[in-house]
Amino acid sequence: MPRPKKFRQFRELQEELGRSGAAILEDKAGGEDLIVDSPYSIRYIHSYAEDSPFFLGLAEGKLLGSRCTRRGCGFVFATPRGHCMVCGSPTEWTELPRSGRVHSWTTCHFGSEAFLRETPYNLALVEFDGAGSLLLARLKDCTEADVYVGMPVEARFASPPKYLITDVWFVPAR
Amino acid sequence: MFLVSGGVTKFAKAHPEMDFRLMVKRACDQALAEVPNLTADRIDGTRISYFSDHFTRQLKAASMVQDYLGMNPKGSVRIEWGGATGGECFQAAYEAVASGRMDVCLAAGFETMSRVATWKGNEFIALASDTNYDFPLGGFYTGYYALMVVRHMYEYLRRSKFANVKDEREAQRRAIAEGQRVMSWVSVKNHRNALHNPYAQYPKRLTVDDVLRSEMISYPLTREQICTMSDGAATAILCTEPVARELTDRPVRVTGVGTGTDTMRLADRPFGRVPLYPHERAADYAKLDYPGVHSFRAGRAAGLEAYRMAGLTDPIHQLDFIELHDAYASSEIQTYEDLGLCKYGEGYDFTLSGAPFLKHLEYGLPVPEAGKIPVNPSGGLIACGHPVGATGLMQAVFALWQLQGSVAKHFGDPTLQIANAKRGAIHSHAGTGSAVTVSILERGF
């Protein structure tokens, strides 16, 4: 049997792994390191559980936050949670305004491997009147040159939905 | 509780010739060689840290380290706490000794990030953000840090230095440009310091223009303002005072430990009041909503606890140096404020004063106050690399060598030795600031 191909550069070797599944790296000390391809793919059965109404709401063009049910607290979370972070009481669903303001923002020129094809993309933390916390979302229809902290934005919704947080995004308010 | 020895492998893009067990073994042997009276049988147990099972693709990798080091059947536990994994491991070893459970505890940490391509590595790291609400938007930690620093620049540059600019977009652009320039100073400093640290991954001499012109990763953060993926390991040996006195004539005392936490999601950070250090007043921050997304409340909480325990009331004058978790140049500036080296809002001016630079190095920048409180004399994460589970322990080792006065011996170069360093702090930081540790180390001789 032939031995795996030998390389001196780690970078060159990576392509060989994709082709034949194994390669040898000659390291700086003259040693031979056998390197093998080791793919890994998993299908998770992921439940949104108590957050499900939020994602079902997006499919109906609704932005749902959560409001603390304790009288005297009533904190409104723009990113929903089943129990209040301030007092620990259960929350109830409450519809958020469809418009808000940019609290902070960035343009990503890279991302995780899964998102590299989508670059560049903007992210914004959005603040809403009547809510005490923020929502992180994509910001579209504008570039780095347009965006600023305080910029009014409006929600848009995906149709059909993918039941991901990306079912909602924001655009500059008309 | 005393720190008596430590070891570090060189941090590198990849160490294909060593797996995690061998890396830790090398760092462990280095630590043991420095304290010849400490035979392995006197180590009562270990605390072993690595961040991600995805990177190792070997669950229970800490057991394999324990095994390779020949430490069975002694007690051990794996520590994981995001980016602060190494700092938590250090404190877990401290606690094992402080509780009386052990006389000698070995803290060992590693990460092997080279096993996947860089952008897959970014994905693994971003899985340490909320996978319902944050990850599917891009899965990108640099993006999260960019969101934080854009707000930081808005709060502290737009609203001060550029308060007179009428056009809002223009004012914010100018504030960000100024912020980028100051962040570049941090990058220049840390890369420059690392030229004298043989363990560092990316030592280099850069100009502010080099940093600004490097590739834009997530606006306004450029490549040279961000740490990279690394392979590496580090170890630290903690013990009781009687054992420390027996093992070395240069032990280092751990006088304070602190930890803090904050929400996983940036979007959930509250808008409240600043927990104050003794040298601050509520009136300093009357108009500031805190922490929002601009500051690290966990870092402030960790600093408060550690300083209180160590009896520090004026950190900038009482500390001789800090090894700080500069995964991003932005977070180094934010952390100056969290740790009370300056007030909130003063981080940019503090950087430009030169205070966190080393006194006797040439940076190509005007740094009149250099040497006031050197931050990341080793080069920090930006220049040394960030093999997550090892990083916080690397800081402990570099701090130990500073306090022992042994930088020349260990680095083969005396340049980074801070003269007469008596007390230092190490700072380890997780997530978007969801957990932070601060430990105070002092000369025990």
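Below is a summary of the structure that appears in this document. (Residues numbered from 1 in each chain as written. Chains lettered and ligands numbered in written order. Predicted model: local features only at pLDDT ≥ 70, side-chain atom pairs only at ≥ 80, totals over all residues.)

**Quick look at the overall build of chain A**
Working step 1: The number of helices and strands found in chain A is two helices and eleven strands.
Working step 2: Going residue by residue from the N terminus, the α and β elements of chain A occur as β-α-β-β-α-β-β-β-β-β-β-β-β.
Working step 3: For a compact globule of 174 residues, the expected C-alpha radius of gyration is about 16 Å, and chain A comes in at 24 Å, more than 25% above that figure.
Working step 4: In chain A, which comprises 174 residues, the share counted as buried stands at 33%.
Working step 5: Look at the contacts in chain A between residues 6 or more apart in sequence, and 43% of them connect residues 24 or more apart. (Helix = DSSP H or I, 4+ residues; strand = E, 2+ residues; numbered from the N terminus. Rg over C-alpha atoms; globule rule 2.2 N^0.38 Å. Buried ≥ 20, exposed ≤ 12 C-beta atoms within 10 Å, placed from the backbone. Contact = placed C-beta atoms within 7 Å.)

**Focus on the sheet that holds strand 2 (residues 22-26) of chain A**
Two modes of strand pairing occur in sheets, parallel and antiparallel, and in both the strands are linked by backbone hydrogen bonds.
Residue and element names in this part refer to chain A.
Working step 1: With mixed pairing, the three strands of this open sheet are ordered in space as 1-2-3. For this open sheet the edge positions go to strand 1 (6-7) and strand 3 (32-36), each flanked by a neighbour on one side alone.
Working step 2: Relative to strand 2, strand 1 runs parallel, the two being bridged by two bridges. Bridging from a neighbouring strand, phenylalanine 7 pairs with leucine 25 of strand 2.
Working step 3: Packing of helix 1 (residues 10-20) onto the sheet brings it into contact with strand 1, strand 2 and strand 3, and relative to strand 2 it is tilted by some 165°. (Pairing = 2+ DSSP bridges. Axes fitted to C-alpha atoms, helices over the stretch in contact; angles between N-to-C directions.)

**Some points on the nonpolar core**
All names here are of chain B.
Working step 1: Grouped together as the largest cluster of nonpolar side chains are 185 residues, with contacts concentrated most on Ala93 and Leu238.
Working step 2: The element contributing the most residues to this core is helix 6 (residues 141-158), with twelve residues.
Working step 3: When near neighbours in sequence (up to four residues on either side) are disregarded, leucine 238 contacts Met1, Phe2, Leu3, Ala93, Tyr94, Val97, Cys105 and Ala107. (Core = buried A, V, L, I, M, F, W, Y, C linked by C-beta atoms within 7 Å.)

**Overview of the environment of Leu32(B)**
Working step 1: Within the fold, Leu32(B) resides in helix 1 (residues 20-34).
Working step 2: The sequence separation of Leu32(B) and Leu106(B) amounts to 74 residues, and the corresponding C-alpha distance is 10.0 Å.

**Some words on the interface of chain A and chain B**
One widely used convention gives an interface's size as the accessible area the parts lose upon coming together.
Working step 1: In this assembly, 44 residues from chain A lie in contact with 35 residues from chain B.
Working step 2: Elements supplying a minimum of two residues to the side of chain A that touches chain B: strand 3, strand 7 (99-108), strand 8 (121-127) and strand 9 (135-139) of chain A.

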